[in-house]
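Working through the structure, step by step
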Amino acid sequence: MKKNNELLNAIDFLEKEKSIPREVLIETIEAALITAYKKNYNSANNVRVELNMDNGVYRVFSRKDVVEEVMNPREEVSLETALQSNPAYEIGDIYEEDVTPKDFGRVSAQAAKQAVMQRLRDAERGILYNEFIDKEDDIMTGIIDRVDHRYVYVTLGKTEAVLSEAERSPNEEYRPTERIKVYVNKVEQTTKGPQIFVSRSHPGLLKRLFEQEVPEIFEGTVIVKSVAREAGDRSKISVYSENPDIDAVGACVGAKGARVEAVVEELGGEKIDIVEWSADTKTFVKNALSPSQVVDVLVDEANQSTTVIVPDYQLSLAIGKKGQNARLAAKLTGWKIDIKSETDAKEAGIYPVE
């Protein structure tokens, strides 16, 4: 039988261009040829196909159990018959016989090709899914392919991700051919392959960008404890280091603000407050309300809430535009925050605490 160069070339191409392992391709083709054989030759289930990778030639073997007395000729063969082929056969062995039809290639070519292509698509989808499921909660760089009323389509390597309107940053415009960093929010396996959902508004994007810009975070000497974000406008990030000699906030800011500015630029001018995390609730809440000054923090452990006393002239700054500063501080700390001016707190009789 002549060498099947077309089949071998196809395997080489798919292995190199589609990054599908050769072993997967061979198993896929063998399984597809079994399907084609069964469909066209009314075969019993017990057959196998062997693909010779030296010449691309395949052979079909029937597989039968060696028994003393044959009850089902389609699945069994007598010991007497088997011994005529090989004297080493014993009861319970598997007897194999080459049953490759002479016209198998001609009759089954189209069916086998369709099955092979479907299996190859499935294998490719599986590999893509496995590749991207490891990228969940990570940052990737892609190229904007196109934009429609529903999605921004971003090319990531050999596949496409979708950026929905809800996951976009309000202050950004998205133009085809532009490079863009995205946060891989979710990867789902569908009948059409992996569906990759990305985000430009997720707090995780901010965290990953700081990991890229701040070696101390990447190395683990500075830890990002929490992130609160209102994409396109303002964010807060709390950081901490167990090493007292390391200034966690300073490391994130960088020399002359270079590190934080790189993140701000990537996020289109989004303002970022970097605060020091603390295990002490009073200290952490006070830090989280930066840049506002805080006189005192009254903590209600039972209700996971705090009342923050600020100087009268700092009230609007502490609350922030449309309550944003207080809202972000609450998200960052995980505590409810009620802000009162010194005058109001004194009139309410809650400050100073006796």
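In what follows, the accompanying structure is described. (Residues numbered from 1 in each chain as written. Predicted model: local features only at pLDDT ≥ 70, side-chain atom pairs only at ≥ 80, totals over all residues. Heavy atoms only, no water.)

This part takes up the overall build of the protein. A count of helices and strands for the protein gives 12 helices and 15 strands. Relative to the compact-globule value of 20 Å for 354 residues, the protein shows a C-alpha radius of gyration of 33 Å, a clear excess of over 25%. The buried share among the 354 residues of the protein stands at 40%. Excluding contacts between residues fewer than 6 apart, the proportion of contacts in the protein whose partners are at least 24 apart in sequence is 58%. With an accessible surface of roughly 19900 Å², the protein has 47% of that area assigned to carbon and sulfur atoms. Of the charged side chains in the protein, 47 are positive and 62 negative; the average position of the first set lies 6 Å away from that of the second. (Helix = DSSP H or I, 4+ residues; strand = E, 2+ residues; numbered from the N terminus. Rg over C-alpha atoms; globule rule 2.2 N^0.38 Å. Buried < 20%, exposed > 50% of the residue type's maximum accessible area, 1.4 Å probe, protein only. Contact = heavy atoms within 4.5 Å. Areas by Shrake-Rupley, 256 points an atom, 1.4 Å probe, with all protein chains shown as cover. Lys, Arg positive; Asp, Glu negative; His and termini not counted. Charge placed at Lys NZ, Arg CZ, Asp CG, Glu CD.)

For the rest of this paragraph, the subject is the packing of aromatic side chains. One pass over the full model with this rule turns up four aromatic pairs. Seen from their ring centres, Y89 and Y95 are 5.4 Å apart, and the 55 degrees between their planes marks the pair as tilted. What makes Y95 buried here is its relative accessible area of 10%. Both rings, one in W277 and one in F284, keep their centres 6.4 Å apart while their planes meet at 65 degrees; by these two values the pair is edge-to-face. Look at W277 and you get partly exposed, because its relative accessible area is 22%. Note on F284: relative accessible area 6%, which makes it buried. Grouped by ring-pair contacts, the aromatic residues Y240, W277 and F284 constitute a single cluster. Above the ring of F197, the side-chain terminus of K186 is found at 5.1 Å from the ring centroid. (Phe/Tyr/Trp six-rings, centres within 6.5 Å; stacked < 30°, edge-to-face > 60°. Lys NZ or Arg CZ within 6 Å of the ring centre and 35° of its normal.)

To continue, consider the sheet that holds strand β9 (residues 193-199). The five strands lie next to each other as β5-β6-β7-β9-β8, forming a closed barrel whose pairing is mixed. Within this sheet the neighbouring strands show an average axis-to-axis angle of 50 degrees, counted without direction. Where strand β8 (residues 179-190) and β9 come together, seven bridges link them in antiparallel fashion. By the bridge assignment for β9, Y183 is matched with S199. Here helix α5 (residues 203-213) sits on the sheet in contact with β5 (139-147), β8 and β9, set at roughly 125 degrees to β8. (Pairing = 2+ DSSP bridges. Axes fitted to C-alpha atoms, helices over the stretch in contact; angles between N-to-C directions.)

Size it by volume and the second largest pocket reaches roughly 230 Å³. Lining the second largest pocket are E230, D233, R234, K271, P291, L317, G320, K321, K322, Q324, N325 and R327. Examining the composition of the lining of the second largest pocket, we find that three residues originate from one element, helix α11 (residues 324-333), more than from any other. Taken together, the residues that form the lining of the second largest pocket break down as two nonpolar, three polar and seven charged. (1 Å grid on protein atoms, 1.4 Å probe; cavity = no way out; pocket = protein on both sides within 12 Å on 5 of 7 lines; lining within 4 Å. Points joined across faces, edges and corners; volume = space filled by probe spheres on them. Nonpolar A, V, L, I, M, F, W, Y, C, P; charged D, E, K, R; others polar.)

Its 20 residues place the ends of helix α2 (residues 22-41) 28 Å apart at the C-alpha level, agreeing with the 28 Å of an ideal helix rising 1.5 Å per residue. Those residues of α2 lying buried are L25, I26, T28, I29, A32, L33, I34, A36 and Y37. Just downstream of α2 lies N42, where phi reads positive at about 50 degrees. (Expected span 1.5 Å × (residues − 1).)

Attention now goes to the packing of helix α9 (residues 281-288) against α11. In the contact formed by α9 and α11, the axes pass within 9 Å of each other and the chain directions differ by 140 degrees. Comparing the axis directions of α9 and α11 gives the class oblique. Judged by the sense of rotation from one axis to the other, the crossing of α9 with α11 is right-handed. Here α9 contributes F284, V285 and A288 to the contact with α11, which in turn contributes A329, L332 and T333. Class assignment for the residues of the contact of α9 with α11 results in five nonpolar, one polar and no charged. (Parallel < 35°, antiparallel > 145°, perpendicular 65-115°, else oblique. Left-handed = near helix turned anticlockwise from the far one by under 90°.)

Spatially, β10-β11-β12 is the arrangement adopted by the three strands of the open sheet, whose pairing is mixed. Each edge of the open sheet is held by one strand with a lone partner, namely β10 (223-230) and β12 (271-276). This sheet shows a mean twist of 15 degrees between the axes of neighbouring strands, independent of strand direction. Bridge count for β10 against strand β11 (residues 234-240) is seven bridges, and the pairing is antiparallel. Bridge assignment links I223 to a residue of β11, and that residue is Y240.

Let us look at unusual backbone geometry. Following S290, the chain continues to P291 via a peptide bond in cis, the omega torsion being 15 degrees. In the segment running from Y351 into P352, the intervening peptide bond is cis, with an omega of 0 degrees. With respect to the secondary-structure elements, P352 resides in the segment after α12 (342-347). Despite not being glycine, D137 has its phi angle at roughly 65 degrees, a positive value. Topologically, D137 is positioned in the loop between α4 (104-133) and β5.

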